[in-house]
Structures are given as structure tokens and as C-alpha cells.
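Each chain, written out:
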Amino acid sequence: MKLVRKDIEKDNAGQVTLVPEEPEDMWHTYNLVQVGDSLRASTIRKVQTESSTGSVGSNRVRTTLTLCVEAIDFDSQACQLRVKGTNIQENEYVKMGAYHTIELEPNRQFTLAKKQWDSVVLERIEQACDPAWSADVAAVVMQEGLAHVCLVTPSMTLTRAKVEVNIPRKRRGNCSQHDRALERFYEQVVQAIQRHVHFDVVKCVLVASPGFVREQFCDYMFQQAVKTDNKLLLENRSKFLQVHASSGHKYSLKEALCDPTVASRLSDTKAAGEVKALDDFYKMLQHEPDRAFYGLKQVEKANEALAIDTLLISDELFRHQDVATRSRYVKLVDSVRENAGTVRIFSSLHVSGEQLSQLTGVAAILRFPVPDLSDQESGSSSEDD
């Protein structure tokens, strides 16, 4: 998805102009558009014409309409999105208030205006427009003194950082300058990884180099992570995969991606994190039911107790047509994040999202047991609105 323009005021009203570039972008758009929004886009309209002789004919014309959205239809198989509504802007072919259905097209921009842009919708735009969020693979291609930190998306390889440090040669009886420079180089590469790699999305971080550079770098990185209690790196240690490359230049990445161990690692999907989170919830529900709740009322009560460690929520809930109900879910997400909890928004198109929907679409793994909640009403038997 390409962001062309974003005009949002301090009161969170405003509009954004986007260009969907891939089929998946239609799914993102479906999650952005709501009843009551206004949508401006190019469309085809059948219009009647009358000739000078009085004969009536019809032809199809391309025009740009602005609709007040009344219905949204998404075909998940064909990735097609149709938006129905009434025309709210003067047009030479369509009367004010007339109904029309726009089918959004790839590579044609549209403008979406809302009275209230909330945090979940803005985050969806950020993820759809930032290639880093669709990059399943990150790679560090390195040699002594040179490293490229790259993100690999389905369609391109993006260089997010280039690290260059002059490494003096080792001298007989004195290696201190060489070692200090090497350590400085490694530290800069670690910082670049933490700055540019979204571990929530990336399922594999390739560390590719000639010789023993990759082993020495990984040893340094995780020793420092232990010393500084860097949870981000320690929790994602299993995602790092060391492979051979002939140099630290970007073109050597192709060799690393062809490695059979890399291919087998990448057979996993981006949704694996969702599957694991749901599995963790079911285990907790079985072994420590006081630390696993589902249903909006129960989860909100757990949040009031500042007990939520991980919130599991389906993106389907943010498409609720009742503004007050939708705001409730958004408020819950914002509150959990403010209290240092993790939020996982599940795709309702994925099997794990379907399973979560059977649990009312919202569930939580708690930091500590909350017995007073389960005394009032057990999480495993909660009914939800």
C-alpha cells in the first residue's frame, strides 16, 4: 500500500489518500473503511444519453465520486472490495443522494475521510504502508568492517542500514586497536538490527558472512544481551540463523537465501506467532484458569486490575458497525499497551483468527491469577455482549 497524503487534525478527524498495490492491500482497506465514512474514488457509471433526434442510449463513463459509505462487501477469494453508498458531492453524471457501488481497483488511488481516526486504524495504515511490516525475513550480510542490514519482502530487498568501520590490522604482540574497532563495529550492527527489524513480523534473521565473522558476531551480540538483560534479543534468539556468504556486500544475500536450511526455516508462516499465542492461551486455560480469560466483560475487568500480559483480539471486532462497541475494543487495546502489555491482533481470515472468534474474538493471558474475577464469574463460562 502506498500512502499519498495524510491530513488528520488534532481532534483526529481528517482524510488519507492511499493506493492499493497488492491483493492483500484490499484486505487492509476492508479493515479501514466503515459505515458513515466518506470514500472518494474513480469508478465506472452507466449513464443515459439522449441524441438530437430524441433516441435514448446508454454508455459507460469513468468518473470520480464521493460516497457516504452504507455497505462494504469483501470477496476474500478474489480480493475484491465493493463499497456502496450515496453520492455526497456534485457530479455531472450522478445526482446528489443517488446510490452507487464503487469497486476499488489496484493501483488507483482513493481518499478515505473519517470523523474519528482511532489508534487501531492508524496502526493498520502504518503496517500496510511500511514494507518492514510485510518483510518476513531480515538479513545481516557482513564481513569485518562492513555490514548491510536488509529486509526481504515478497517483491524486493530493502537495505535499511549500512555499517562501515575501519578495522586496523592485527599487529604482532598488540591486538588491542583491532579488537576495540571490531567491538565498536559489532555494537553498531546490533543497534541497527534493533532499530530496523520488527521481530513481531520477521520469522528469520539471517547472519551471513565469509569465514568465522558471523559466529564471532553472534557470540558478541548474545553475550552483551545477557549482560544488559536485553529481552528483545534473548527472546528472539531462535530466529537467528547463521549461513555462509562470500562477502559483506548486498549482492551476497542471494547466496544466503539459496541455502537449504534457510528455505526450510521460511516454510513457516507469518501467522505462526498468532498460532503460538492462542496455544499458550489454551494451555493456560487448562492448567491455570485464573490466568486465562475471554469475553469482553471478563477481559475488561482483568485490564482494570492491570493483570493483562497478552491480549488476543480479532480484527473482525474493529469492523463492528456500532461506534460505541468498536470504541470499547479500541480503548481496551490502547489501555493494555499503556500498561506494558502485548497486543496481538488476529486476522479473521486465518485459522487461528477463526478459533479466536469462537472464543468471542477477545481473550487474555494474565500476569498473575485474579481469583476474585473467577469467583464472580469464571472466565471459561463467560457470556459476552
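Just so it is clear, the model here is predicted, and its values are computed rather than measured.

### A short note on the nonpolar core
Ranked by internal contacts, the top residues of the largest apolar core, which has 32 residues, are Met142, Phe185, Ile193, Phe217, Met221 and Phe240. Going through the elements one at a time, strand S8 (137-143), strand S9 (146-152), strand S10 (157-164), helix H3 (176-196), strand S11 (204-209) and helix H4 (213-228) are the ones with two or more residues in this core. The dominant element in this core, judged by the number of residues it contributes, is H3, at eight residues. Setting aside chain neighbours within four positions, we find Phe185 in contact with Met142, Gln143, Glu144, Gly145, Leu146, Ala147, Val163, Val165 and Ile167. Counting residues in hydrophobic clusters, the runner-up holds 26 residues, among them Tyr30, Val33, Ala98 and Ile125.

### A word on the packing of helix H1 (residues 23-32) against helix H2 (residues 119-129)
Describing two packed helices takes the angle between their axes plus the distance from one axis to the other. Where H1 contacts H2, the axes come no closer than 10 Å and their chain directions differ by 165°. Between H1 and H2, the angle falls in the class roughly antiparallel. As H1 runs across H2, the sense of the crossing is left-handed. Taken together, the residues of H2 that come into contact with H1 (itself represented by Asp25, Trp27, His28, Asn31 and Leu32) are Val121, Arg124, Ile125 and Ala128. Of the residues assigned to the contact of H1 with H2, the class counts are five nonpolar, two polar and two charged.

### Some thoughts on the sheet that holds S11
Taken together, the five strands give an open sheet; going across it, the order is S10-S9-S8-S11-S12, and neighbouring strands pair in mixed fashion. Whereas interior strands pair on both sides, the edge strands pair on one side only; in this sheet they are S10 and strand S12 (240-244). This sheet shows a mean twist of 20° between the axes of neighbouring strands, independent of strand direction. In this sheet, S10 lies alongside S9 in antiparallel orientation, the contact comprising seven bridges. Opposite His148, over in S10, you have Lys162 as the bridge partner. Set on the sheet, H3 makes contact with S8, S9, S10 and S12; between it and S10 the angle comes to about 150°. Across the sheet, H4 is in contact with S8, S11 and S12; its angle to S12 comes to roughly 160°.

### Focus on the domain arrangement of the chain
Considered domain by domain, the chain is made up of domain 1 (2-129), domain 2 (136-268) and domain 3 (271-366). Relative to domain 3, the C-alpha centre of domain 2 lies at a distance of 34 Å.

### As for the packing of aromatic side chains
Taken as a whole and judged by the stated rule, the model has nine aromatic pairs. With 5.7 Å between their ring centres and 45° between their planes, Trp27 and Tyr30 make a pair best called tilted. Taken as a pair, Trp27 and Tyr30 lie in helix H1 at a separation of three residues, close to a single helical turn. Relative to Phe240, the ring of Phe222 has its centre 5.4 Å away and its plane inclined at 90°; by these criteria the two rings are edge-to-face.

### Quick look at the layout of surface pockets
Approximately 560 Å³ is the volume found for the second largest pocket. Forming the boundary of the second largest pocket are 21 residues, of which Gln34, Val35, Asp37, Val323 and Arg326 lie nearest the centre. Only strand S4 (56-75), strand S7 (110-114) and helix H10 (323-338) provide two or more residues apiece to the lining of the second largest pocket. In terms of residues, the lining of the second largest pocket owes the most to one element, H10, which gives four residues.

### Concerning the pattern of salt bridges
As enumerated under the stated definition, the model contains 15 salt bridges in all. Notably, a salt bridge pairs Arg124 with Asp315, separated by 3.4 Å at the nearest N-O pair. You can see Arg124 sitting in helix H2 and its partner Asp315 sitting in the loop between strand S14 (308-314) and H10, a full 191 residues away along the chain. Across the pair, exposure class does not vary: Arg124 and Asp315 are buried alike. Arg319 is the salt-bridge partner of Asp315, the closest N and O atoms lying 3.6 Å from each other. As far as the burial class goes, Asp315 and Arg319 line up, both buried. If you follow the salt bridges from partner to partner, you end up with Arg62, Glu105 and Arg108 in one network.

Calculation notes
- Residues numbered from 1 in each chain as written.
- Predicted model: local features only at pLDDT ≥ 70, side-chain atom pairs only at ≥ 80, totals over all residues.
- Heavy atoms only, no water.
- Core = buried A, V, L, I, M, F, W, Y, C linked by side-chain atoms within 4.5 Å.
- Buried < 20%, exposed > 50% of the residue type's maximum accessible area, 1.4 Å probe, protein only.
- Helix = DSSP H or I, 4+ residues; strand = E, 2+ residues; numbered from the N terminus.
- Contact = heavy atoms within 4.5 Å.
- Axes fitted to C-alpha atoms, helices over the stretch in contact; angles between N-to-C directions.
- Parallel < 35°, antiparallel > 145°, perpendicular 65-115°, else oblique.
- Left-handed = near helix turned anticlockwise from the far one by under 90°.
- Nonpolar A, V, L, I, M, F, W, Y, C, P; charged D, E, K, R; others polar.
- Pairing = 2+ DSSP bridges.
- Domains from an automatic or database assignment.
- Phe/Tyr/Trp six-rings, centres within 6.5 Å; stacked < 30°, edge-to-face > 60°.
- 1 Å grid on protein atoms, 1.4 Å probe; cavity = no way out; pocket = protein on both sides within 12 Å on 5 of 7 lines; lining within 4 Å.
- Points joined across faces, edges and corners; volume = space filled by probe spheres on them.
- Salt bridge = Lys/Arg side-chain N within 4 Å of Asp/Glu carboxyl O.

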